[in-house]
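Architecture and fold: a report
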Amino acid sequence: MTAHPVERLKEYGLSQNEAIIYIALLKTGEASAQKIAKNAKLPRTTSYHLLDSLSQRGLVSYVIKGKVKYFQAASPKRLTEILEEKKRMIQEFIPELMGIAETIKEKPRVVVFEGLNGIKTILQDVLQEKREILHYGDIISLQNALPFIFPQFIKRRVEKKIPIRIICKREDAHKELLRTAKKEYRQFIFIPKNYIFKSSIFIYSDKVAILSLQSEPYYGIIIEDKDYYETQRNIFGMLKDAYARY
């Protein structure tokens, strides 16, 4: 499923209305705030505020002709440039942040994340180390609740050549994942359909992530505990040994 451009821009960090204004301006070309508001189907006053916000982000510029401001959207390539600029700034700041983190002797071992951004953070953490990932549970909710985030997770995992073994029920929705299994470093172990999984478990890097995506509000938990990690690996191993490999 391809995400709507507005949803993609929200993932980038724009608000719903900022994304609508930016796309309307791309379609319109140079235009007055009144025309942009009309095309975006938003109040003129609201549109002014949104255009100002996008201007501060470097995504919109304007010229004054007579007494009227005419706005123009920056090239979509500017989105990537902004991300690269932010990445450079953060990389310069990371040593200082690591220094702060290392001053804490007892770090929390259980962390709860809420909402789509929280789930995205968990999936990014799963890919931090290039070690095999074990996953069992509900894949359908991952596909349904994360139509853009989950495919991006798969893409990044494949780019890093991180293998994954999955235990789940065989579903029609898995056909494409099965077709691309070999080239995407994916291995399935299918269990009987009478098993009911209502969460997704990722076992990785001495951590276990539990995702609840059946219904909103979505949330996830990362447990960093070697004993719990080893227990989950053993559960996965027992299931793997008990059922056929496809």
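You'll find the structure just up there.
The following refers to the structure shown. A quick note: this is a predicted structure, and the numbers were derived from the prediction, not measured.

1. Section: the nonpolar core
General note: in soluble globular proteins, nonpolar side chains tend to be found buried as a group. Residues L123, L146, F153, F202, L211 and L213 are the most contacted members of the largest nonpolar core, which totals 29 residues. Those elements that place two or more of their residues in this core are α6 (115–126), α7 (139–145), α8 (149–159), β6 (164–169), β7 (186–191), β8 (200–204) and β9 (207–212). Contact partners of L123, with chain neighbours within four places excluded, come to L146, I149, F153, F202 and L211. In this structure, L42, L50, A73 and I82 belong to the second largest nonpolar core, which totals 24 residues.

2. A short note on the sheet that holds strand β1 (residues 31–32)
Read from one edge of the open sheet, three strands run β1-β3-β2, paired in antiparallel fashion. Looking at strand neighbours, the two that pair on one side only are β1 and β2 (60–65), the edges of this open sheet. Packed onto the sheet, helix α2 (residues 16–28) meets β1, β2 and β3 (68–73) and runs at close to 95 degrees relative to β3.

3. Regarding a nonpolar patch on the surface
A cluster of nonpolar side chains, namely I90, F93, I94, L97, M98 and I100, defines an oily patch on the protein surface of about 520 Å² accessible area. With respect to the element layout, F93 can be found in helix α5 (residues 77–102).

4. Quick notes on the sheet that holds β8
Pairing in this open sheet of seven strands is mixed, and the strands run β4-β10-β9-β8-β5-β6-β7 from one edge to the other. Whereas interior strands pair on both sides, the edge strands pair on one side only; in this sheet they are β4 (110–114) and β7. Geometrically, the sheet is characterised by an average inter-axis angle of 15 degrees between neighbouring strands, direction not taken into account. Across the sheet, α6 touches β4, β5 (133–137), β8, β9 and β10 (219–224), and the angle it forms with β4 is around 135 degrees.

5. Describing the packing of helix α3 (residues 33–40) against helix α4 (residues 44–56)
For the pair α3 and α4, interaxial distance at closest approach is 9 Å and the crossing angle is 105 degrees. By the criterion of interaxial angle, the relationship of α3 to α4 is roughly perpendicular. In this structure, α3 uses A33, Q34, I36 and A37 to contact α4, whose residues at the interface are R44, S47, Y48 and L51. Taken together, the residues that form the contact of α3 with α4 break down as five nonpolar, two polar and one charged.

6. A look at the environment of R131
Considering the arrangement of structural elements, one finds R131 in the loop between α6 and β5. Measuring from C-alpha to C-alpha, the distance between R131 and G66 comes to 62 Å, with 65 residues separating the pair along the chain. When near neighbours in sequence (up to four residues on either side) are disregarded, R131 contacts I162, S205, D206 and Y229.

7. Quick word on the side chain of S32
Locating S32 in the fold gives a position in strand β1. Not counting chain neighbours up to four residues away, the residues in contact with S32 comprise V68, K69, Y70 and F71.

How each quantity is defined
- Residues numbered from 1 in each chain as written.
- Predicted model: local features only at pLDDT ≥ 70, side-chain atom pairs only at ≥ 80, totals over all residues.
- Heavy atoms only, no water.
- Core = buried A, V, L, I, M, F, W, Y, C linked by side-chain atoms within 4.5 Å.
- Buried < 20%, exposed > 50% of the residue type's maximum accessible area, 1.4 Å probe, protein only.
- Helix = DSSP H or I, 4+ residues; strand = E, 2+ residues; numbered from the N terminus.
- Contact = heavy atoms within 4.5 Å.
- Pairing = 2+ DSSP bridges.
- Axes fitted to C-alpha atoms, helices over the stretch in contact; angles between N-to-C directions.
- Patch = residues over 30% accessible without salt bridge, like charges linked within 9 Å, V, L, I, M, F, W, Y side chains within 5 Å.
- Areas by Shrake-Rupley, 256 points an atom, 1.4 Å probe, with all protein chains shown as cover.
- Salt bridge = Lys/Arg side-chain N within 4 Å of Asp/Glu carboxyl O.
- Parallel < 35°, antiparallel > 145°, perpendicular 65-115°, else oblique.
- Nonpolar A, V, L, I, M, F, W, Y, C, P; charged D, E, K, R; others polar.

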